[in-house]
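Breakdown of the fold
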Amino acid sequence: MRAHEAGALHGDIGSRGPAWLRPPADVNSLVPDLWPRNVVRAADGALVVAGLPVRDVAAEFGTPVYVLDEDDLRSRCRDFRAAFPTEDVYYAGKAFLCRAVVRMIAEEGLHLDVCTGGELATALSAGMPAERIGFHGNNKSLRELTRALDAGVGRIIVDSFTEIDRLTALARERGVRPRVLVRVTVGVEAHTHEFIATAHEDQKFGFSLAGGAAAAAAFKILDEGVLELRGLHSHIGSQIFDANGFEVSARRVLALQAQIRDARGVELPELDLGGGFGIAYTTQDDPATPQDLAKRLRKIVDSECAAERLAVPHLSIEPGRAIVGPAVFTLYEVGTVKDVDGIRTYVSVDGGMSDNIRTALYDASYSATVASRASAAEPMLARVVGKHCESGDIVVKDEFLPADVQPGDLVAVPGTGAYCRSMASNYNHVPRPPVVAVRDGRARLIVRRETEEDLLALDVG
């Protein structure tokens, strides 16, 4: 690879794609692990989701559009609920949140994790029971904490001494005793992208374990007696496939739990190991099943508790991406196909970094397929790019598409349920796409498409 002035995404000019990407025997084939469970190719070669042809989705709702397979999402909720029947499963709302999804996860028996006032407002407006909500965030405002207390949020994950003071003052004013967890920075860096690894010491989240801040925070809460300290919380990153990081994290946080017991005579009843469980974006990814995760995490916690002579605490986890990520694909229409001097073929679609910033932000990899038809053409290595005025506006860095891909074709990109709509922007004044849920051959709009009128309504100049 050679350096390129436009950035790392352009550094592989002249290459034939990453080593793991192989030309498919059939360019029309779908890799099941990458797609929602109810996506198939029909006899005419077009994709069908939950009995509804994607051409019908595009005709009714336009493109780009996020397409949610509702039964797939619900089944993933049930898979986690079945794998963790005695634990609490908190859906991490930051992955993607709207009122319809809140209702789905509530109906499937999950709890909900939020990290801003806006996410809390969405959860409450959709009818999520407040006692099943956990509230994260490294800089919760007085207004946000007040709303959480007044709503009766089930637990608040405290992240700083300032927040402990704020929450303590508010609780005294209201005569309430909110349940809290202390977020512990355990010094474990998960094998993931630098910017989404969140448990090493040099970052904004939580109380440092190594420096003694985590213990001091727990002692402060216990000694003041205003807040009810339920346990400790640890989160080691995102898109994690290896359980080794969870083992080290659990060992360290349970050692702190033992320290708290020895110093104050209190065994905290809860432990939250966070989320970050990986999903398959491409054929190089091999995620664990919820059953595998449950088996590994229980073994880790049981072993470490035995070593510390602790009662096994009530365990919580926070999957977000692992539930909603694979349940959604984004449907685009091809606008232009451009061969650049035999170096690369660029397939430009009608969306881009405004609906999926992850490729540009995290150097993330995605897959894609022509969705509106089958093709007998040979596979062609292509780059799927967006319409924005930005050289880094790349949706799929490398993918084999049929050599006859052409303007007007529909292209589908799987695995876009997490951190795509939730991180979407109006870059270049492009309205954000809608989200459509499909079930039993019928589509319903759950988040409408933004319009130019929406953009202009905010412009009061």
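Up top you'll find the structure we're talking about.
So, here's what we can say about the structure. (Residues numbered from 1 in each chain as written. Predicted model: local features only at pLDDT ≥ 70, side-chain atom pairs only at ≥ 80, totals over all residues. Heavy atoms only, no water.)

1. Re the packing of helix α6 (residues 161-174) against helix α7 (residues 213-224)
The condition is simple: Angles here are taken between N-to-C directions and fall from 0 to 180 degrees, while the axes themselves are lines fitted to C-alpha atoms, restricted in helices to the stretch in contact. Where helices and strands are cited, they refer to DSSP runs of H or I of at least four residues and of E of at least two residues respectively, numbered from the N terminus. Convention used here: angles under 35 degrees read as roughly parallel, angles over 145 as roughly antiparallel, angles from 65 to 115 as roughly perpendicular, and any remaining angle as oblique. Here a crossing is taken to be left-handed if its near helix is turned anticlockwise relative to the far helix by less than a right angle, and right-handed if that turn runs clockwise. Note on contacts: a residue pair qualifies if any of its non-hydrogen atoms lie within 4.5 Å across the two residues.
Where α6 contacts α7, the axes come no closer than 11 Å and their chain directions differ by 15 degrees. The pairing of α6 with α7 is recorded here as roughly parallel in orientation. Of the two possible hands of crossing, α6 and α7 adopt the one that is right-handed. Facing α6, whose interface residues are Phe161, Ile164, Asp165 and Thr168, α7 presents Ala213, Ala216, Ala217, Lys220, Ile221 and Glu224.

2. Here's the deal with the sheet that holds strand β3 (residues 52-53)
Each strand in a sheet pairs with its neighbour through backbone hydrogen bonds, running either in the same direction (parallel) or in the opposite one (antiparallel). Counted only if it meets this: Think of it this way: DSSP has to see at least two bridges between two strands before they count as a pair.
Taking strand neighbours across the sheet as the criterion, the three strands line up as β1-β2-β3 in an open arrangement whose pairing is antiparallel. Across the chains shown, the open sheet's two edge strands, defined by having one partner strand only, are β1 (39-41) and β3. Here two bridges tie strand β2 (residues 47-49) to β3, and the two strands are oriented antiparallel to one another. When the sheet's bridge partners are listed, Val49 is paired in β3 with Leu52.

3. Focus: the pairing of strand β6 (residues 111-114)
Spelled out, the test is: We call a residue buried when its accessible area falls under 20% of the maximum for its residue type, exposed when it is over 50%, and partly exposed in between, using a 1.4 Å probe and counting protein chains only. Orient the strands so they point away from the viewer; a crossover is then right-handed if the path from the first strand over the helix to the second runs clockwise.
What you see with β6 is no split at all: His111 and Asp113 on one side and Leu112 and Val114 on the other are buried throughout. Between the parallel pair strand β5 (residues 88-92) and β6, the chain is carried across by helix α3 (residues 99-107), and the sense of this crossover is right-handed. For β6 and strand β7 (residues 133-135), the ladder comprises three bridges, and the chain directions are parallel. Counterpart to Val114 in the pairing with β7 is Phe135. Taking the sense of rotation as the criterion, the β-α-β connection linking β6, helix α4 (residues 117-125) and β7 turns out right-handed.

4. Quick word on the layout of surface pockets
Rules: In this analysis the probe radius is 1.4 Å and the grid spacing 1 Å, with only protein atoms considered; a cavity is a set of points the probe fits into but cannot get out of, a pocket is an open set with protein on both sides within 12 Å along at least five of seven lines, and lining residues have an atom within 4 Å of a point. Grid points are joined across faces, edges and corners, and a volume is the space filled by probe spheres set on the points. Think of it as three bins: nonpolar holds Ala, Val, Leu, Ile, Met, Phe, Trp, Tyr, Cys and Pro, charged holds Asp, Glu, Lys and Arg, and polar takes everything else, Gly as well.
Here the second largest pocket is characterised by a volume of approximately 420 Å³. Looking at the lining of the second largest pocket, the elements with two or more residues in it are α2 (70-83) and α9 (290-308). The element best represented in the lining of the second largest pocket is α2, accounting for three residues. Tallied by class, residues from the lining of the second largest pocket come to 14 nonpolar, four polar and six charged.

5. A few points about empty space enclosed by the protein
The final tally for this structure, using the stated rule, is two cavities of 30 Å³ or more. A volume near 80 Å³ is recorded for the largest cavity. Ile240, Phe241, Asp242, Ala243, Phe246, Phe277, Gly278, Pro287, Ala288, Leu293 and Arg296 are the residues that line the largest cavity. Its residues placed into classes, the lining of the largest cavity shows eight nonpolar, one polar and two charged. In this structure, the second largest cavity encloses a volume near 50 Å³.

6. Here's the deal with α4
Worth spelling out the cut-off: For this quantity, the arc is that covered by the directions from the helix axis to the C-beta atoms.
Three or more residues of α4 are buried, namely Gly117, Glu119, Leu120 and Ala123. Each buried residue of α4 sits inside an arc of 160 degrees when the element is viewed along its axis, so together they form one side. Its buried side turned inward, α4 meets α3, β6, β7 and α5 (142-151). Taken from the residues just after α4, Gly127 is the one with a positive phi, measuring 90 degrees.

7. Looking at the side chain of Arg358
Definition in use: Charge counting treats Lys and Arg as positive and Asp and Glu as negative, with His and both chain ends excluded. For this analysis, a salt bridge means a side-chain nitrogen from Lys or Arg found within 4 Å of a carboxyl oxygen belonging to Asp or Glu.
Positionally, Arg358 belongs in helix α11 (residues 358-362). Buried charged residue Arg358 carries no salt bridge. Nearest counter-charge: Asp285, at 8.5 Å. Beyond its immediate sequence surroundings of up to four residues, Arg358 is in contact with Tyr281, Arg321, Asp363, Ala364, Tyr366, Ala418 and Tyr419.

8. Regarding unusual backbone geometry
The peptide bond linking Thr63 to Pro64 adopts the cis configuration, its omega dihedral lying at -10 degrees. Looking at where Pro64 falls in the secondary structure, it is placed in the loop between α1 (54-61) and β4 (65-69). Phi is positive for Asp363, which is not a glycine, with a value near 60 degrees. Tracing the sequence through the fold places Asp363 in the loop between α11 and β16 (369-370).

9. Structural notes on the side chain of Asp355
Take Asp355: it is sitting in the loop between β15 (344-349) and α11. No salt bridge forms around the buried Asp355; measuring N to O, its nearest opposite-charge neighbour Arg449 is 8.1 Å away. Dropping the residues within four chain positions of it, Asp355 is found in contact with Pro64, Tyr66, Thr330, Tyr332, Cys420, Arg421, Ala424 and Pro433.

10. Some thoughts on the nonpolar core
Keep this limit in mind: For the purposes of this section, nonpolar cores are sets of buried Ala, Val, Leu, Ile, Met, Phe, Trp, Tyr and Cys residues that join through side-chain atoms within 4.5 Å.
Among the nonpolar cores identified, the biggest contains 108 residues, and Tyr91 and Ile156 are the most heavily contacted of them. With seven residues, the top contributor of residues to this core is helix α8 (residues 244-264). Counting 21 residues, the second largest nonpolar core, distinct from the first, contains Trp35, Val49, Ala50 and Val67.

11. So, the pattern of salt bridges
Taken as a whole, this structure holds 33 salt bridges when the rule is applied. Across the salt bridge formed by Arg55 and Asp44, the nearest N and O atoms sit 2.4 Å from each other. Of this pair, Arg55 sits in helix α1 while Asp44 is found in the loop between β1 and β2, placing the two residues 11 residues apart along the sequence. With a closest N to O distance of 3.5 Å, Arg174 and Glu173 form a salt bridge. Looking at Arg174, the relative accessible area reads 33%, which means it is partly exposed. Under the relative-accessibility criterion, Glu173 is labelled exposed at 62%. If you follow the salt bridges from partner to partner, you end up with Glu70, Asp71, Arg74, Arg78, Glu107, Glu108, Arg439 and Arg444 in one network.

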